[in-house]
Amino acid sequence: MMPIDPILVVHGGAWAIPDEAVEAHRRGVEAALRAGYGVLTRGGSATDAVVAAVTVLEDDETFDAGRGSFLTRDGRVQLDALLMDGSTLRAGGVACVERLRNPIQAARLVLDRSPHVYFVGAGAEEFAAEHGVALIDNSELVLGRERLRLAEFQARERAGFPDLTFAGDDKSPETAVERAARLESHDTVGAVALDAAGNIAAGTSTGGTLGKAPGRVGDSSLIGCGCYADNDSAAVSLTGWGEPIMKLVLGKWAVDRIGAGAAPDEAATAAIEYLHRRLGGHGGIILLTPDGGFGVAHNTPRMAWGVAGRDGVRVGIEA
C-alpha cells in the first residue's frame, strides 16, 4: 500500500467576519491546525487530531465554542459538541452542558467509554466528572463582551424588533433582511482529519445562538446534521444557522454525495446550495475524503478555515 499523508481541515465559523476580527480568526485557526496536525505527524489517530484542534478553538474566545460563547436568554453558556470516528462509526455527543470547559473532550469520553452515544445537561456533566473531568462554574465561560451583547439583543426585542432566527424557512424579503443581520455574529467550530492509517474523523463544537432558549440544541452535536464521519465516504463538519441544517440532515446529505461519486469540492458546494435553495439557510462546510481530497464552501460573506498537510499550513477567510 502507498503511504498515506495525514491531513487536517478546520473551520472557525461562517458569518460576516468584520475586518478588525479577521486576524484573530486567522491566528485561532492556524493554532488549531498546528495542534491537530502535530498529533497526526506523531502517529496519532484522526479522532485524537480532531479533539486537539477543536480544544484549541474552544479555548479561544474569538469563537462561539467554550469560553466566550453566546449567552442564553437567562445569561448562561450552554455548550454542545459531537465527535465521530469514521473507522467504526462510533460517536459521542454532549449537549446543553454548562460546567465543562471543553465539551469536545467530554464527547470523546462518551465515544470511548460509554455504550451510549449522547448525553445532555446534568447527565453529561456527571458522566464527564465520573471519568476525571473537572467541573467548573458556568461563570468561568461567560465574558463581559457577551453580557453586553445579550443586553443589546434584549433591548432590541423590548423595542419591538423580535428575533426571527427560528420564525420560518421562507425566503421572503422581510425575513431575508433579518437573516442578513443575523450574520453579524461569531459561530460554531469544527475539524475533520485523515490519519496515517487511512481513517477519518470529524468533530463540531458550539455555544449555539445568541439569546437562545435554555435547552435549545442546534445541529452541531447531532449525528448527520452538523457532523458526520464514515471511512466509506467522507468526514464533514458544518457551521451556520442550525435549524435548516437539522431539517435537511445536511452532513449526511453531503457525504452521501461522495458515495454517489461526487468530488469533495462538488459535494461541499452542492450542500450549501441545497441548504439555501430548500430553506434559505446560511452556513459553511468542510469535507474530507479517505483519499485526502477535501472541499470547503459557504454562502456567508466570510468563513474562517484552514488546512494542514504535507504541503504545509494554509488559512483562508473568504474562499
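The shown structure was predicted, so the numbers you read here are calculated from the model rather than taken from an experiment. (Residues numbered from 1 in each chain as written. Predicted model: local features only at pLDDT ≥ 70, side-chain atom pairs only at ≥ 80, totals over all residues. Heavy atoms only, no water.)

S.K.: Tell me about the sheet that holds strand β1 (residues 7-15), and name the residues and values.
M.R.: Strand order in this open sheet of eight strands is β4-β3-β2-β6-β5-β1-β11-β12, and the pairing throughout is mixed. The open sheet has two edge strands with one neighbour each: β4 (118-120) and β12 (312-316). Going across the sheet, the axis of each strand differs from the next one's by a mean of 5 degrees, ignoring polarity. Seen against the sheet, helix α1 (residues 22-41) touches β1, β5 (189-194), β11 (302-309) and β12 and runs at an angle of roughly 155 degrees to β1. Across the sheet, helix α2 (residues 46-59) touches β1, β2 (79-85), β5 and β6 (200-206), and the angle it forms with β5 is around 155 degrees. (Pairing = 2+ DSSP bridges. Helix = DSSP H or I, 4+ residues; strand = E, 2+ residues; numbered from the N terminus. Axes fitted to C-alpha atoms, helices over the stretch in contact; angles between N-to-C directions. Contact = heavy atoms within 4.5 Å.)

S.K.: Provide a residue-level description of the pattern of salt bridges, including the pertinent values.
M.R.: Scanning the model with the defined rule gives 15 salt bridges in all. Connected via shared salt-bridge partners are D48, R108 and D112. (Salt bridge = Lys/Arg side-chain N within 4 Å of Asp/Glu carboxyl O.)

S.K.: Tell me what's going on with the sheet that holds strand β10 (residues 294-298), and back it up with residues and numbers.
M.R.: Strand order in the open sheet formed by four strands is β7-β8-β9-β10, and the pairing between neighbours is antiparallel. This sheet does not close on itself; its edge strands, each paired only once, are β7 (227-229) and β10. The mean inter-strand angle of the sheet, taken between neighbouring strand axes irrespective of direction, is 5 degrees. The strands that helix α8 (residues 250-259) touches are β7, β8 (235-240) and β9 (283-288); relative to β8, the one it contacts most, it runs at about 140 degrees. The strands that helix α9 (residues 264-279) touches are β9 and β10; relative to β10, the one it contacts most, it runs at about 25 degrees.

S.K.: With reference to specific residues and values, describe the nonpolar core.
M.R.: Of all hydrophobic cores here, the largest spans 54 residues; its most connected members are L8, V10, V50, L83, V94, A191 and A193. Residue contributions to this core peak at eight residues, all from α2. Apart from the residues within four sequence positions on either side, L83 is in contact with T47, V50, V51, R90, A91, G92, I104, A107, R108, L111, A202 and G203. If you look at the next biggest cluster of nonpolar residues, it comprises 38 residues, including V9, L248, A271 and V307. (Core = buried A, V, L, I, M, F, W, Y, C linked by side-chain atoms within 4.5 Å. Buried < 20%, exposed > 50% of the residue type's maximum accessible area, 1.4 Å probe, protein only.)

S.K.: Account for the pairing of β12, naming residues and giving values.
M.R.: Bridging between β11 and β12 involves five bridges; their strand directions are antiparallel. The partner of G309 across the bridge, within β12, is G312. Here β11 folds back onto β12 in antiparallel fashion, the turn holding two residues.

S.K.: Residues and numbers for the packing of α8 against α9, please.
M.R.: Pairs of packed helices are described in terms of their axes, by the angle between the two and the distance that separates them. At a closest axis distance of 9 Å, the pairing of α8 and α9 adopts a crossing angle of 145 degrees. The element α8 and its partner α9 pack so that their crossing is right-handed. Across from L250, W253, A254, R257 and I258 in α8, the residues of α9 making contact are P264, A267, A270, A271, Y274 and L275. Its residues assigned to classes, the contact of α8 with α9 shows ten nonpolar, no polar and one charged. (Left-handed = near helix turned anticlockwise from the far one by under 90°. Nonpolar A, V, L, I, M, F, W, Y, C, P; charged D, E, K, R; others polar.)

S.K.: For the packing of aromatic side chains, give the residues involved together with the corresponding values.
M.R.: Across all of its chains, the model carries three aromatic pairs by this definition. Between the aromatic rings of F119 and F127, the centroid separation amounts to 4.8 Å while the plane-to-plane angle is 20 degrees, which identifies the pairing as stacked. Pairing F294 with W305 gives two aromatic rings, centres 6.4 Å apart and planes at 50 degrees, and the pair type is tilted. Remark: W305 occurs in strand β11 and F294 occurs in strand β10; sequence separation between them is eleven residues. Seen from the ring of W253, R257 lies directly overhead, with NZ or CZ sitting 4.3 Å from the centre. (Phe/Tyr/Trp six-rings, centres within 6.5 Å; stacked < 30°, edge-to-face > 60°. Lys NZ or Arg CZ within 6 Å of the ring centre and 35° of its normal.)

S.K.: Before we move on, could you go through helix α4 (residues 121-130) and cite the residues and values that matter?
M.R.: When α4 is considered as a whole, its buried residues turn out to be G121, A124, E125, F127 and A128. Burial along α4 is one-sided: seen end-on, the buried residues are contained in an arc of 160 degrees. As for α4, its buried residues are in contact with β3 (90-97), α3 (103-113) and β4. At the C-terminal side of α4, G132 shows a positive phi close to 95 degrees. (Arc of directions from axis to C-beta.)

S.K.: Got a sec to walk through the environment of I286? Specific residues and values, please.
M.R.: In this fold, I286 is placed in strand β9. Separated by 19 residues in sequence, I286 and W305 place their C-alpha atoms 8.2 Å apart. Those residues in contact with I286 that lie beyond four places of it in its chain are V9, V10, H11, G190, A191, V192, A235, V236, S237, G295, V296 and M303.

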